[in-house]
Amino acid sequence: MKYLDEFSDPELAGKLLDQIRALATRRWAIMEVCGGQTHSIIRHGIDQLLPQQIEMIHGPGCPVCVTPLEIIDKALEIAARPDVIFCSFGDMLRVPGSSSDLFRIKSAGGDVRVVYSPLDALTIAKENPGRQVVFFGIGFETTAPANAMTVYQANRLGIENFSLLVSHVLVPPAMAAIMDSPECRVQAFLAAGHVCSVMGTSEYPALAEKYKVPIVVTGFEPLDLLEGIRKTVLQLESGRYEVENAYARAVTAQGNTAAKAMLEDVFAVSDRTWRGIGSIPDSGWQLAPKYAYFDAEERFSVTDIHTDESSVCRSGEVLQGLIKPHECSAFGKECTPRNPLGATMVSSEGACAAYYLYRRLELQEAGHAG
Ligand code: SF4
């Protein structure tokens, strides 16, 4: 195949669905790890086209959704300072902290700027030597290389008024935490293709072996996902638990070695708190000691800010696949994309937002949404 829309070909999708139907002899619960996969599954109605035996559980792989409230509050505290230019990707501006968000800080006079690359923040730092410039570095293994490169360049060029507010998380430890949960129903994973395009697949065989779960790497188009589900069901039905790559056009076993070298130089593995899930050991990155000078938390003395999660929002259960979004009583009522109570409703990759965008009308008819 040559063009992206060929990966949505209805005839080929129908053939894959027929094969999945023929393979599935019993109920299986498969978690798609990434929010991009979730969005595509709900948008294209793939979960509704699958045979009833196959349940798709929506995993925690949305970077905005898992960024803890505490880090949002730290960002708000730093962004409100008059000497700071606070730079972020646009999707973080509406994420609610415990009492405000970055849009409100901006409307109250804070210098909050949307950038399209962390390197843009470095340019702003060069152009404003008398002010502190902070970039909000969140996300998984996918966004981390560019943030690592920015810190590397700031150090190399001696740009001392730049710092990074780091909230990077890692996918494999979260998959292990999900499998360790006593309430876990997951029997197989669709691993996130873009994460594997950076990191490769070498971390997954140990997980597949330890938890006896098939792990199939997929892309994000309908045929990518259906082929991944087909390979997963084939493994489940035959009692195998192996790592397979159904996204070979982007993913190699070794990943992007240049990006991995940059990550290894700039970051060090650390415990991280995941919004709605809690602390997971060794599940993220912080700046390595030799780059500690660029750590915004230390520079602005916000390490002591601690925040409790909202008791209303059940996004933690959504992110662990324990409930579907519409099973939260606030879904479509108090909580909508215009007035989100939790991060899974803010981000376009969030499961709550995906259900609101693509399922709200049918859920309303069934009496599940406001
Ligand atoms: S619908 Fe809103 S309140 Fe409920 S879990 Fe999702 S984000 Fe949280």
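This text goes with the structure placed above it.
Before going into details, it helps to say that this report is about the structure given with it. (Residues numbered from 1 in each chain as written. Predicted model: local features only at pLDDT ≥ 70, side-chain atom pairs only at ≥ 80, totals over all residues.)

Some points on the nonpolar core
Alright, step 1. Core analysis: the largest hydrophobic core is formed by 114 residues, its most contacted members being F189 and A191.
Alright, step 2. Take this core: its biggest share by element is seven residues, from helix α5 (residues 69-79).
Alright, step 3. If you count residues domain by domain, this core takes at least three from each of domain 1 (27-310) and domain 2 (312-362).
Alright, step 4. With residues up to four places along the chain from it excluded, the contact list for A191 reads V33, C196, Y204, I215, V216 and V217. (Core = buried A, V, L, I, M, F, W, Y, C linked by C-beta atoms within 7 Å. Buried ≥ 20, exposed ≤ 12 C-beta atoms within 10 Å, placed from the backbone. Helix = DSSP H or I, 4+ residues; strand = E, 2+ residues; numbered from the N terminus. Domains from an automatic or database assignment. Contact = placed C-beta atoms within 7 Å.)

Examining the sheet that holds strand β10 (residues 267-274)
Alright, step 1. The strand order across the open sheet formed by six strands is β4-β3-β5-β6-β11-β10, and the pairing between neighbours is mixed. For this open sheet the edge positions go to β4 (111-114) and β10, each flanked by a neighbour on one side alone. With direction set aside, neighbouring strand axes in the sheet form an average angle of 25°.
Alright, step 2. As defined by bridge partners, strand β6 (residues 162-169) adjoins strand β11 (residues 278-287) across two bridges and the pair is classed as antiparallel. Within β11, the residue paired with H168 across the bridge is W285.
Alright, step 3. Taken strand by strand, helix α7 (residues 118-127) contacts β3 (84-88), β4, β5 (132-139) and β6, and its axis lies near 170° from that of β5. (Pairing = 2+ DSSP bridges. Axes fitted to C-alpha atoms, helices over the stretch in contact; angles between N-to-C directions.)

Any functional reading would require information that these geometric values do not contain.
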